[in-house]
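What the coordinates show
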Amino acid sequence: MRIGIPTELKDNERRVGMIPDGVAQLVKHGHEVVIQSGAGEGSGYLDVDYVSRGATIGTQKDVWDCDLVVKVKEPIESEYPFLREDLVLFCYLHLAAEPELTRALVDAGTTAIAFETVTSARGDLPLLTPMSEIAGRLSVQTGAQLLTAPAGGPGMLLGGIAGVAPVNVTVVGGGVAGAQAVDVAVGLGAQVTVLDINTATLRAFNQRYEGKVRTIASTPDNIAEELRRSHLVIGSVLVPGAKAPKVVTEEHLRSMPEGAVVVDIAIDQGGCTAASQPTSHSNPIFSFGPVTMYCVTNMPGAAPKTATIALANETLPFVVQLANQGAEQALQNNIHLKAGLNVAQHEVVHEAVKDALGL
Ligand SMILES: NC(=O)c1ccc[n+]([C@@H]2O[C@H](COP(=O)([O-])OP(=O)(O)OC[C@H]3O[C@@H](n4cnc5c(N)ncnc54)[C@H](O)[C@@H]3O)[C@@H](O)[C@H]2O)c1
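Just so we're clear, the structure is a prediction, and the values are computed from it rather than from any experiment. (Residues numbered from 1 in each chain as written. Predicted model: local features only at pLDDT ≥ 70, side-chain atom pairs only at ≥ 80, totals over all residues. Heavy atoms only, no water.)

1. Quick word on the site of the ligand
- Taken together, 28 residues lie near the ligand, and Ser132, Asp196, Ser218, Asp268 and Met299 sit nearest.
- Contacts to the ligand include serine 218, whose side-chain N or O atom sits 2.7 Å from a nitrogen atom.
- Residue aspartate 268 places a side-chain N or O atom 2.7 Å away from an oxygen atom belonging to the ligand.
- When isolated, the ligand has an accessible area of 870 Å², and the protein chains bury 89% of it.
- Elements with a minimum of two residues in the shell around the ligand: helix 5 (129-146), helix 6 (176-187) and strand 8 (191-196).
- If you tally residues by element for the shell around the ligand, the top one is helix 5, at 3 residues. (Near = heavy atom within 4 Å. Polar contact = N/O pair within 3.5 Å; in protein donor to acceptor, adjacent residues only side chain to side chain. Areas by Shrake-Rupley, 256 points an atom, 1.4 Å probe, with all protein chains shown as cover. Helix = DSSP H or I, 4+ residues; strand = E, 2+ residues; numbered from the N terminus.)

Structural data, given as structure tokens:
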């Protein structure tokens, strides 16, 4: 099979869909890998590194002409003309928040498998997990920076200092991203509260942090009460495949302290606050009432050397299976890969995505 790896085009997106080691494994299985010239540079891989493992270097058209295209982020509008019926696309898609891309994939008849809905026998989302971990850790670093005065914030240090109270950090959604956010916030000395609808998740925080982290059931009243006193809120809720529930209202945001920061990690699924709008690394923040909102849809793109390797570690076994068996057979043989199938034969086939798009 011919496998194409394009250069990512999203703002400040320096990750790449495959590392040279992945090329070597695919070539060993008899496949041909075409890398767009320069695609790996932002992650520290030169064309020569790929060529030395058996890849050929091509243009944007060359890679999109392949049978299977593996990339990181969802195609942007300028890439829609490359979509076609006999193409298998394997990348993040987040279609619940992307009706135009959904239409382009359906019209083209592309077989589109979304990283974020592929499942595992452990019951998690193995291709979302590493990026959620990175976004979760970055969210607190970013929030801490935005609370400082030179960044336009109120001038607060996350962990406080002897005689001065720490900042209140509230994490809404204590899954993979939320857990990493809690870990970094606790490490920096903040006063951390986590809200989730899953009591078992909250119990695990109680045990792990021995009561140092406050855990509270996620209800509208509890969110209202916590946000009134929060200087940094991390939004990290997820209902897999679906549009993120808007658990934080405009009223909640308006009640927050002046200069408070909201990092809405869930923006790739539409965002979990009523005011969330997608932003980019070039222009990451906007104001809403007293709050600075940060809603970058590709946060791990800021740490490409870490993120590319972490992602490639998880995606490669699926890419090898797709290449060795062909998409139809691989999807039949592997229920976890099949859970990633979002669009096939001119139709959206993932139930949660269908519901989210009102189809
Ligand atoms: N912006 C980015 O660059 C970026 C990067 C990676 C991941 N993400 C996104 O981060 C989000 C979180 O991903 P994850 O892997 O941590 O998901 P996850 O499934 O591990 O965790 C989601 C958590 O949200 C909780 N939840 C669901 N509804 C809730 C509600 N009403 N109130 C409170 N909690 C609720 C769930 O119980 C779960 O614990 C996803 O939207 C994911 O796509 C964004």
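2. Side note on the state of the cysteines
- On inspection of all chains with the given rule, the structure shows 0 disulfides.
- The thiol sulfur of cysteine 66 is not disulfide-bonded, and the nearest other cysteine sulfur, from cysteine 91, lies at 15 Å.
- Since its relative accessible area comes to 0%, cysteine 66 is described here as buried. (Disulfide = S-S within 2.5 Å. Buried < 20%, exposed > 50% of the residue type's maximum accessible area, 1.4 Å probe, protein only.)

3. Details of helix 4 (residues 99-108)
- Among the residues making up helix 4, those that are buried are Leu101, Thr102, Ala104, Leu105, Val106 and Ala108.
- On its buried face, helix 4 is in contact with strand 5 (88-91), strand 6 (111-114), strand 14 (341-344) and strand 15 (347-348).
- Of the residues flanking the end of helix 4, it is glycine 109, one or two places downstream, whose phi is positive at about 80°. (Contact = heavy atoms within 4.5 Å.)

4. Examining the packing of helix 1 (residues 20-28) against helix 10 (residues 304-325)
- Two elements in contact, helix 1 and helix 10, have axes separated by 10 Å at closest approach and are oriented at 25°. What the angle tells us is that helix 1 and helix 10 run roughly parallel. The element helix 1 and its partner helix 10 pack so that their crossing is right-handed. Mapping the contact onto sequence places Gly22, Gln25 and Leu26 in helix 1 and Leu316, Val319, Val320 and Ala323 in helix 10.
- Residues that form the contact of helix 1 with helix 10 fall into these classes: 5 nonpolar, 2 polar and no charged. (Axes fitted to C-alpha atoms, helices over the stretch in contact; angles between N-to-C directions. Parallel < 35°, antiparallel > 145°, perpendicular 65-115°, else oblique. Left-handed = near helix turned anticlockwise from the far one by under 90°. Nonpolar A, V, L, I, M, F, W, Y, C, P; charged D, E, K, R; others polar.)

5. As for the packing of aromatic side chains
- As enumerated under the stated definition, the model contains 5 aromatic pairs in all.
- Ring geometry for tyrosine 45 versus tyrosine 50: centroids 6.2 Å apart, planes at 65°, classification edge-to-face. For the pair shown, tyrosine 45 and tyrosine 50 are each scored as buried.
- Arranged with centres 5.6 Å apart and planes meeting at 10°, the rings of tryptophan 64 and phenylalanine 82 form a pair that is stacked. Separated by 18 residues along the polypeptide, tryptophan 64 in helix 3 (residues 60-64) and phenylalanine 82 in the loop between strand 4 (68-70) and strand 5 bring together distant segments of the chain.
- Among the residues examined, phenylalanine 82 registers a relative accessible area of 22% and is labelled partly exposed. (Phe/Tyr/Trp six-rings, centres within 6.5 Å; stacked < 30°, edge-to-face > 60°.)

6. Looking at the UniProt feature "active site" (unreviewed entry) in the protein chain
- UniProt tags His94 and Asp268 as "active site" (unreviewed entry). In three dimensions, the annotated residues from a span of 175 residues occupy one location, with a maximal C-alpha spread of 6.4 Å. From the list above, the largest pocket is lined by His94 and Asp268.
- Relative to the assigned elements, histidine 94 resides in the loop between strand 5 and helix 4.
- Once residues within four sequence positions are removed from consideration, histidine 94 is found in contact with Lys73, Glu74, Glu116, Asp268 and Gln269.
- Those residues within four positions of aspartate 268 in sequence are excluded, and the remaining contacts are His94, Ala97 and Thr297.
- Side-chain polar atoms of aspartate 268 contact the side chain of histidine 94, separated by 3.3 Å. (UniProt positions renumbered as here; feature names shortened; annotations may be inferred. 1 Å grid on protein atoms, 1.4 Å probe; cavity = no way out; pocket = protein on both sides within 12 Å on 5 of 7 lines; lining within 4 Å.)

7. Structural notes on the pattern of salt bridges
- Counted according to the given criterion, the structure contains 15 salt bridges.
- The shortest N-O distance in the salt bridge between glutamate 74 and lysine 10 comes to 2.6 Å. Separated by 64 residues along the polypeptide, glutamate 74 in the loop between strand 4 and strand 5 and lysine 10 in the loop between strand 1 (2-5) and helix 1 bring together distant segments of the chain.
- A relative accessible area of 18% places lysine 10 in the buried class.
- Between arginine 137 and aspartate 183 there is a salt bridge whose closest N-O contact spans 3.5 Å. Within this pair, whereas arginine 137 is found in helix 5, its partner aspartate 183 is found in helix 6, the two being separated by 46 residues in sequence. (Salt bridge = Lys/Arg side-chain N within 4 Å of Asp/Glu carboxyl O.)

8. Digging into the sheet that holds strand 15
- Pairing within the open sheet is mixed, and its 8 strands lie in the order 3-2-1-4-5-6-14-15. Across the chains shown, the open sheet's two edge strands, defined by having one partner strand only, are strand 3 (56-58) and strand 15.
- Here helix 10 sits on the sheet in contact with strand 1, strand 4, strand 5 and strand 6, set at roughly 170° to strand 5. (Pairing = 2+ DSSP bridges.)

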